[in-house]
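One-letter residues, chain by chain:
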Amino acid sequence: MVLRSSYRFCRLSMISNRASKIEASPTLAIDAKAKNMRKNGIHVINFSVGEPDFPTPENIKEAAIKAINEDFTYYTPASGIPELREALVKKLKSFNGLDYDPDQISISCGGKHSLFNIMQVILNPGDEVLLPVPYWVSYLEQIKLAGGKPILVPTDSQYKIHAELLKEKITDRSRLLILNSPSNPAGTICEEEELRKISEIILEKDLWIISDEVYESFIYDGKKHASIASLNQDVYNRTIISNSFSKTYSMTGWRVGYTAGPIEIIKAINSFQSHVTSNPNSIAQKAALEALLGSQNSVRKMIDSFDKRRKYILKRFKEISELDCNVPEGAFYVFPKIVGVKMKSMDFAKKILKELHVALVPGIAFGIDENLRLSYAISIEDIEEGLNRIYEFCNRNILH
Ligand SMILES: Cc1ncc(COP(=O)(O)O)c(C=O)c1O
């Protein structure tokens with residue numbers, strides 16, 4: 001007994017102040033709980049997943065197998081293999097209308113890693129980072145890990161960012177804005193006109209922008225993705241793009257992402273990365289190269305499939321008056337607001353998982369306690385069954 005309690009004391013004091021302030025990712029925690037329930041034979045409908053439910057395309061897997069067989073198993077440059085950086089130069093030109101040199105691109109171990117690298121190299125302690133709410137969970141923790149101070153910026157009723165709302169939060173300590181379009185969790189797109197207004201503020205106040213574009217391929221209803229960096233040369237000089245192969249090519253487990261931006265920033269990221277991870281996985285880099293160079297048919301099929309599910313889920317939400325859902329224009333999530341049930345998001349998520357075996361992420365994880373996030377990267381059959389259960393749950397707990 002004495003031994004156990006002294007061990008506990010010792011373990012607590014071992015953790016640094018920095019690490020003890022960090023919250024574990026709630027989305028991963030719920031996903032793990034749902035998977036564990038499934039292992040125990042429970043039929044859980046898991047709306048909490050943040051990854052496409054499609055296998056990595058065959059051509060990409062074959063490129064990786066070839067790389068292994070050719071012994072492409074040694075260190076590569078910390079910034080990634082030149083062929084991949086060159087292929088990204090072409091992709092950024094053709095898909096995003098942006099001009100970069102290979103030296104302005106750094107390959108990372110996924111989008112999350114790119115974002116972490118950027119914040120580590122541009123933030124000083126106390127720097128304020130403008131973060132629109134709802135935000136993707138890891139931004140908040142990564143800002144804190146870099147010593148920055150998150151400043152939450154409200155959005156409108158459709159969760160869209162507006163330049164005027166942003167302006168109100170700017171102080172002398174503001175250094176960086178994080179933009180995520182299309183966004184996780186609400187699936188909103190920041191239209192070009194708004195991007196222009198935002199960019200004027202950024203330039204006037206001499207701020208940096210991180211543009212997280214991991215969902216750029218998942219856009220619906222004929223909308224278009226515009227990178228803020230493409231607006232003009234001045235904004236380009238203040239923007240650092242973070243992107244990844246995880247979602248577009250269904251490669252979440254391979255861990256390849258990239259950063260594109262001003263050369264001084266990329267040089268700093270490369271030095272930083274060289275002491276932390278060294279290069280991203282060599283085999284995964286070859287797979288990512290094939291993802292860019294090979295057929296894009298599987299990407300198109302995946303987008304079509306997500307769009308069908310999105311339409312289905314929105315149609316079914318009309319039957320559930322206790323949840324009020326905006327129309328997401330991109331990504332693969334819906335973010336309904338709880339309007340007819342007297343429960344905050346965490347209670348709702350816990351109770352529905354326990355009682356009806358539906359896993360979803362409470363909005364509080366994204367900074368809004370009135371909402372829930374559901375991913376539609378699951379089969380249409382599961383979506384149908386999951387929505388039946390949500391309907392039943394809301395009826396049981398309805399506000400009278
Ligand atoms: C908005 C956003 N950015 C970045 C990432 C990180 O992606 P990756 O798996 O490439 O690290 C995610 C993953 O869920 C995300 O939703």
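Calculation notes
- Residues numbered from 1 in each chain as written.
- Predicted model: local features only at pLDDT ≥ 70, side-chain atom pairs only at ≥ 80, totals over all residues.
- Helix = DSSP H or I, 4+ residues; strand = E, 2+ residues; numbered from the N terminus.
- Buried ≥ 20, exposed ≤ 12 C-beta atoms within 10 Å, placed from the backbone.
- Core = buried A, V, L, I, M, F, W, Y, C linked by C-beta atoms within 7 Å.
- Domains from an automatic or database assignment.
- Contact = placed C-beta atoms within 7 Å.
- Pairing = 2+ DSSP bridges.
- Axes fitted to C-alpha atoms, helices over the stretch in contact; angles between N-to-C directions.
- Nonpolar A, V, L, I, M, F, W, Y, C, P; charged D, E, K, R; others polar.
- Expected span 1.5 Å × (residues − 1).
- Arc of directions from axis to C-beta.

Q: How would you sum up the overall build of the protein? Please name residues and give values.
A: Summing up its helical and strand segments, the protein has 15 helices and 14 strands in all. Expressed as lengths along the three principal axes of its C-alpha atoms, the size of the protein is roughly 65 × 60 × 55 Å. Counting every position in the protein, which comprises 400 residues, the buried fraction comes to 45%.

Q: Before we move on, can you summarise the nonpolar core with the specific residues and values?
A: Taken as a class, soluble globular proteins show a tendency for nonpolar side chains to be buried jointly. Membership of the largest hydrophobic core comes to 101 residues, with the highest contact counts inside it found for Leu 176 and Leu 360. The element contributing the most residues to this core is helix 6 (residues 111-122), with six residues. Looking at this core, you find at least three residues from each of domain 1 (16-46 + 298-396) and domain 2 (74-293). Dropping the residues within four chain positions of it, Leu 176 is found in contact with Ile 122, Leu 123, Asp 127, Val 129, Leu 130, Leu 207, Trp 208 and Ile 210.

Q: Break down the sheet that holds strand 3 (residues 128-132) for me, with residues and values.
A: The sheet built from seven strands is open, its strands ordered 2-8-7-6-5-3-4 with mixed pairing. A strand with exactly one partner marks an edge of an open sheet, and here the two such strands are strand 2 (105-108) and strand 4 (149-153). Each strand axis lies, on average, 20 degrees off the axis of its neighbour in the sheet, ignoring direction. In this sheet, strand 4 lies alongside strand 3 in parallel orientation, the contact comprising five bridges. By the bridge assignment for strand 4, Pro 132 is matched with Val 153. Of the strands in this sheet, strand 3, strand 4 and strand 5 (174-180) touch helix 7 (residues 137-145), which is tilted by about 175 degrees from strand 3.

Q: Before we move on, can you summarise the environment of Cys 394 with the specific residues and values?
A: Mapped onto the elements of the fold, Cys 394 is located in helix 15 (residues 380-396). Distance in space between the C-alpha atoms of Cys 394 and Ile 352 is 9.4 Å, their sequence separation being 42 residues. Beyond its immediate stretch of four places on either side in the chain, Cys 394 contacts Ile 320, Glu 322, Leu 323, Gly 340 and Val 341.

Q: Please set out the domain arrangement of the protein residue by residue, giving values where relevant.
A: What the domain assignment reports for the protein is domain 1 (16-46 + 298-396) and domain 2 (74-293). If you average the C-alpha positions of domain 1 and of domain 2, the two centres end up 26 Å apart. Facing 28 residues of domain 1, the contacting portion of domain 2 comprises 29 residues. Secondary-structure elements contributing two or more residues to the side of domain 1 that touches domain 2 are helix 3 (26-39), helix 13 (297-317) and strand 10 (333-334). The leading source of residues in the side of domain 1 that touches domain 2 is helix 13, at six residues. A class-by-class count of the residues in the side of domain 1 that touches domain 2 yields 15 nonpolar, six polar and seven charged.

Q: Pulling in residues and values, what's your account of helix 11 (residues 263-274)?
A: For helix 11, built from twelve residues, the straight-helix expectation of 16 Å at 1.5 Å per residue is met to within 8% by its first-to-last C-alpha distance of 16 Å. Along helix 11, the positions that sit buried rather than exposed are Ile 266, Ile 269, Asn 270 and Gln 273. Projected down its long axis, helix 11 shows its buried positions confined to an angular sector of 100 degrees, all on one face. Contact partners of the buried residues in helix 11: strand 2, helix 6 and strand 8 (257-260).

Q: Explain unusual backbone geometry to me, using residue names and the numbers behind them.
A: Looking along the chain, the bond that leaves Val 133 and enters Pro 134 is cis, with omega of 5 degrees. Relative to the elements of secondary structure, Pro 134 occurs in the loop between strand 3 and helix 7. In the segment running from Ser 181 into Pro 182, the intervening peptide bond is cis, with an omega of -10 degrees. Mapped onto the fold, Pro 182 is located in the loop between strand 5 and helix 9 (192-205). We note that Asp 71 has phi near 60 degrees; this positive angle belongs to a residue other than glycine. Considering the arrangement of structural elements, one finds Asp 71 in the loop between helix 4 (58-69) and helix 5 (82-96). Positive phi values are uncommon outside glycine, yet Asp 221 reaches one of about 55 degrees. Note on placement: Asp 221 falls in the loop between strand 6 (208-212) and helix 10 (233-238).

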